[in-house]
Amino acid sequence: MIYDVLIIGAGVTGVMTARLLSAKNCTTAVVEAECDVAMGATRANSAIVHAGYDCKPGTLKAKLNVRGNRLMKELCAQLDVPIRCCGSHVVAFSEDDMTTLRELYDKGAANGVPDMRIISKEELLKMEPNVSDKAFGSLWAPTAAITCPYGICIAAAENAATNGVDFFFNFRVNGASYNGETWQITNGTNTVEARYVINCAGVNSDKTAQLLGERDFPISITPRRGEYIVMDKICGKMANSTLFVCPSGRGKGILVSPTVDGNLLIGPNAYHIDDPDDKSTTADGLAEITEGAKLLMPSVDTRNAITSFSGVRSTPNIYDYYIKISDGLPHVIHAVGVESPGFASSPATAEYLAELLVDAGLTLTDRDDYIPTRRADGNHKHFNDMTPEEKTEAIRRNPAYGKIVCRCETVTEGDLIDAIISPIPAVTVDMLKRRTRAGMGRCQGGFCSPRAAVLIAEHTNSTLDKVTKSGGGSWIVTKRDSE
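This write-up is about the structure you can find in this document. Quick caveat, the model's predicted, so the values are computed rather than measured.

1. A short note on the packing of aromatic side chains
Inference 1: Under the counting rule described, the total for this entry stands at 6 aromatic pairs.
Inference 2: With centroids separated by 6.4 Å and ring planes inclined at 80°, the aromatic side chains of Tyr3 and Phe168 adopt a geometry described as edge-to-face. Placement of Tyr3 in strand β1 (residues 2-8) and of Phe168 in strand β9 (residues 166-168) is noted, with a sequence separation of 165 residues between them.
Inference 3: With a relative accessible area of 6%, Tyr3 lands in the buried category.
Inference 4: When its relative accessible area of 28% is taken as the criterion, Phe168 is described as partly exposed.
Inference 5: Considering the side-chain rings of Tyr178 and Trp183, the 5.1 Å spacing of their centres and the 45° angle between planes classify their relative orientation as tilted.
Inference 6: The class for Tyr178 is partly exposed, based on a relative accessible area of 28%.
Inference 7: The exposure class of Trp183 is buried, given its relative accessible area of 3%.
Inference 8: A cation over a ring is seen here: Lys61 above Tyr319, with NZ or CZ 4.2 Å from the ring centre.

2. Here we look at helix α11 (residues 429-436)
Inference 1: Most of α11 is tucked away: 7 of the 8 residues are buried.
Inference 2: Among all positions in α11, only Val429, Asp430, Met431, Leu432, Arg434, Arg435 and Thr436 are buried.
Inference 3: In this structure, the buried side of α11 is in contact with α5 (149-162), β22 (411-412), α10 (413-420) and α12 (449-459).
Inference 4: After α11 finishes, the residue Arg437 shows a positive phi value of roughly 75°.

3. Considering the packing of helix α1 (residues 12-21) against α5
Inference 1: Interaxial distance between α1 and α5 falls to 8 Å at its minimum, and their mutual angle equals 30°. As far as their axial angle goes, α5 and α1 are roughly parallel. At the point where α1 passes α5, the crossing takes the left-handed sense. Of the residues in α5, those touching α1 at Val12, Val15, Met16, Ala18 and Arg19 are Ile152, Cys153, Ala156, Ala157, Asn159 and Ala160.
Inference 2: The residue makeup of the contact of α1 with α5, split by class, is 9 nonpolar, 1 polar and 1 charged.

4. A few points about the sheet that holds strand β4 (residues 83-84)
Inference 1: Sheet architecture is open: 3 strands sit in the order β3-β8-β4, paired in antiparallel fashion. The open sheet has two free edges, formed respectively by β3 (48-49) and β4, since each of these has just one partner strand.

5. With respect to a nonpolar patch on the surface
Inference 1: Taken together, the side chains of Leu464, Ile476 and Val477 make up a nonpolar region of the molecular surface, amounting to roughly 200 Å² of accessible area.
Inference 2: Its location among the elements puts Ile476 in the segment after α12.
Inference 3: The class for Ile476 is partly exposed, based on a relative accessible area of 40%.

6. So, the environment of Thr363
Inference 1: As for its placement among the helices and strands, Thr363 is situated in the loop between α8 (342-359) and α9 (388-397).
Inference 2: Along the primary structure Thr363 and Glu74 are separated by 289 residues, whereas in three dimensions their C-alpha atoms are 26 Å apart.

7. With respect to helix α6 (residues 205-212)
Inference 1: The set of residues buried in α6 consists of Ser205, Asp206, Thr208, Ala209 and Leu212. Along the long axis of α6, the arc covered by the buried residues comes to 160°, so they all point the same way.
Inference 2: Of the surrounding secondary structure, the elements contacted by the buried residues of α6 are β1, β10 (175-178), β11 (183-186), β12 (191-199), β13 (221-231) and β20 (332-336).
Inference 3: One or two steps after α6, the chain reaches Gly213, where phi turns positive at roughly 120°.

8. Quick word on unusual backbone geometry
A negative phi holds for most residues other than glycine; trans holds for most peptide bonds.
Inference 1: Of the consecutive residues Gly267 and Pro268, the connecting peptide bond is found in the cis state with omega at -5°.
Inference 2: Examined against the element boundaries, Pro268 turns out to sit in the loop between β16 (264-267) and β17 (271-272).
Inference 3: At Ala47, a position not held by glycine, the phi torsion is positive, near 65°.
Inference 4: Summarising the element assignment, Ala47 is placed in the loop between β2 (28-31) and β3.
Inference 5: Overall, the relative accessible area of 11% leaves Ala47 in the buried class.
Inference 6: Located in the positive-phi region is Asn461, a residue other than glycine, with phi close to 50°.
Inference 7: Here Asn461 lies in the segment after α12.
Inference 8: Residue Asn461 is classed as exposed on the basis of its relative accessible area of 78%.

9. Here's the deal with the nonpolar core
Inference 1: One finds Val37, Ile152, Phe167 and Ile323 to be the most contacted residues of the largest nonpolar core, which totals 54 residues.
Inference 2: Counting only elements with at least two residues in this core, the list comes to β1, α1, α2 (60-79), α5, β12, β20 and α8.
Inference 3: Here the element with the most residues in this core is α8; it accounts for 9 residues.

10. Points about the packing of α10 against α12
Inference 1: Interhelical geometry of α10 versus α12 gives an angle of 45° and a closest axis separation of 10 Å. Accordingly, the angle class assigned to the pair α10 and α12 is oblique. As for the relative orientation of α10 and α12, their crossing is right-handed in sense. Between α10 and α12, the residues in contact are Glu413, Leu416, Ile417 and Ile420 and Arg451, Ala452, Leu455, Ile456 and His459, respectively.
Inference 2: Of the residues in the contact of α10 with α12, the class split is 6 nonpolar, 1 polar and 2 charged.

11. Regarding the state of the cysteines
Covalently bonding the sulfur atom of one cysteine to the sulfur atom of another cysteine gives a disulfide.
Inference 1: For the coordinates displayed, the defined rule picks out 0 disulfides.
Inference 2: For the unlinked cysteine Cys200, the closest cysteine sulfur is that of Cys153, found at 11 Å.
Inference 3: Overall, Cys200 belongs to the buried group, its relative accessible area being 8%.
Inference 4: Unpaired in this structure, Cys408 has its nearest cysteine sulfur neighbour in Cys443, at a distance of 3.9 Å.
Inference 5: Taking the relative accessible area as the measure of exposure, Cys408 reaches 37% and is therefore partly exposed.

Cut-offs applied
By convention here, each chain's residues receive numbers from 1 onward along its written sequence. It should be noted that, the model being predicted, local features are given only for residues of pLDDT at least 70 and side-chain atom pairs only at 80 or more, the latter also being counted only at that level, while totals for whole chains, interfaces and linings use all residues. Computation of side-chain values covers all heavy atoms of the structure but excludes hydrogens and water. The pairing test for Phe, Tyr and Trp rings, Trp by its six-membered ring, is centres within 6.5 Å, and the orientation test on the planes gives stacked under 30 degrees, edge-to-face over 60, and tilted for anything in between. Numbering goes from the N terminus for both helices and strands, where a helix is a DSSP run of H or I of at least four residues and a strand is a run of E of at least two. Buried residues are those whose accessible area, probed at 1.4 Å on protein chains only, stays under 20% of the maximum for their type, while exposed residues exceed 50% and partly exposed ones sit between those limits. Sitting over a ring, as applied to charges here, requires NZ of Lys or CZ of Arg to be within 6 Å of the ring centre and within 35 degrees of the ring normal. Contact criterion: two residues are considered in contact whenever any of their non-hydrogen atoms come within 4.5 Å of each other. Every axis corresponds to a line fitted to the C-alpha atoms, with the helix fit spanning only the stretch in contact, and the corresponding angles, defined between N-to-C directions, vary from 0 to 180 degrees. Angle categories are assigned with fixed cut-offs, so that under 35 degrees is roughly parallel, over 145 is roughly antiparallel, 65 to 115 is roughly perpendicular, and the rest are oblique. Rotating anticlockwise by less than a right angle from the far helix to the near helix defines a left-handed crossing, while the corresponding clockwise rotation defines a right-handed one. Each residue gets one label: Ala, Val, Leu, Ile, Met, Phe, Trp, Tyr, Cys and Pro are nonpolar, Asp, Glu, Lys and Arg are charged, and the others, such as Gly, are polar. One requirement defines pairing of two strands: DSSP has to find at least two bridges between them. Patch building starts from residues that exceed 30% relative accessible area and form no salt bridge, then joins like charges within 9 Å and nonpolar side chains (Val, Leu, Ile, Met, Phe, Trp, Tyr) within 5 Å. Accessibility throughout is a Shrake-Rupley quantity obtained with a 1.4 Å probe, and a residue counts as covered only by protein chains that appear here. Each reported salt bridge corresponds to a side-chain nitrogen of Lys or Arg within 4 Å of a carboxyl oxygen of Asp or Glu. Arc, as used here, means the arc of the directions from the helix axis to the C-beta atoms. Nonpolar cores are built from buried Ala, Val, Leu, Ile, Met, Phe, Trp, Tyr and Cys residues. Side-chain atoms within 4.5 Å join them into one set. In this description, the term disulfide denotes a pair of cysteine sulfurs within 2.5 Å.

So, in structure tokens, the structure goes:
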């Protein structure tokens with residue numbers, strides 16, 4: 001099959017674009033090096049829908065951030081993904097910081113961010129009683145929000161798949177050629193052919209541009225790792241909104257934020273690294289996060305931490321996003337260096353990429369049969385989110401909903417089976433974890449992971465020794481040589 005559009009990379013930018021194109025009369029495919037969507041920076045970020053006050057006015061980054069923020073609430077409603085419009089504070093700890101707040105306010109006003117205010121220490125402490133009493137005040141941005149970054153990416157991918165987009169996982173691109181009419185993109189074993197290619201490869205997007213044939217490509221990416229700590233739900237109400245310190249040259253700094261699932265998140269730090277696949281955490285890094293969080297909120301106690309993780313962001317050698325039609329390659333569009341606030345920008349970035357496709361020569365018309373909601377059958381609501389009446393009906397319809405697998409997050413067999421047979425099937429334990437939260441509670445999968453693995457084997461006509469935690473060689477059980 002020859003597709004109209006091939007998207008390289010199934011992070012939030014690539015998946016949002018795929019979903020938007022699924023509403024058009026064109027054929028679309030997505031290739032992804034990993035076994036699932038949202039496996040790069042989308043999986044491991046702060047989950048913040050930034051308001052848009054810290055982007056340089058006049059840049060594409062500023063335009064897409066503010067537009068994306070406005071689109072995100074409706075998008076979450078369509079995809080049935082939780083969003084919490086909790087706002088954000090940038091907290092000042094000196095008069096110099098207060099000057100920085102005024103500069104941020106002016107930038108936000110120029111970018112069109114509504115309803116911002118610089119508030120006093122007294123008002124800040126009324127809104128956030130656990131903030132340090134050393135604070136001078138804050139920049140309050142009520143349009144900021146939080147959601148689940150991989151959750152919305154999974155939902156958008158399922159919606160795109162329902163509408164006909166094809167996803168090819170474990171497809172690490174290592175070759176590309178153009179025959180005058182179509183591109184042939186290969187992983188060495190299989191080839192996908194398309195008329196247009198969009199490069200959304202995240203931390204590897206500069207290398208992908210070169211692989212496609214770009215010469216003297218002006219953008220280079222430096223991987224930047226950030227570590228996080230997730231606190232137990234008993235800490236979830238310590239912050240009512242997202243709390244930042246004043247930004248520095250290394251980024252927005254260490255934050256304290258609630259999550260849509262009721263936990264408390266602290267982090268990240270920011271360090272340039274050589275290996276884009278290095279997602280390790282370090283004792284020194286976690287200590288740095290703890291110290292930074294305590295500056296904002298002294299009562300943070302990391303004895304309540306339940307897990308830590310890190311993500312790797314794509315930091316370009318320019319300030320702005322590089323999203324444009326290739327100057328030298330036919331029918332190629334690059335989305336390179338889409339760093340923070342790339343998640344918040346993603347719905348608007350998808351719109352912009354669709355506009356560039358039209359500029360590049362592709363005709364896009366609206367489909368009459370497009371389904372804008374997550375699943376055509378509506379069967380994706382988790383048991384824990386149901387009303388008592390809905391739970392009773394779910395168990396009557398399918399007794400698997402009456403069997404709790406994950407005690408910490410109240411996830412049932414029915415939830416897990418739905419994820420395994422979804423439009424983007426969950427075929428590893430971590431894929432189930434991201435879709436259902438089984439394993440994300442206090443015990444971190446100690447109770448539910450074995451049962452999750454068994455269910456995967458049963459519903460994929462496989463055997464338990466073929467089931468992995470996260471793809472590749474992450475086997476959970478093995479057979480003896482004699483078996």
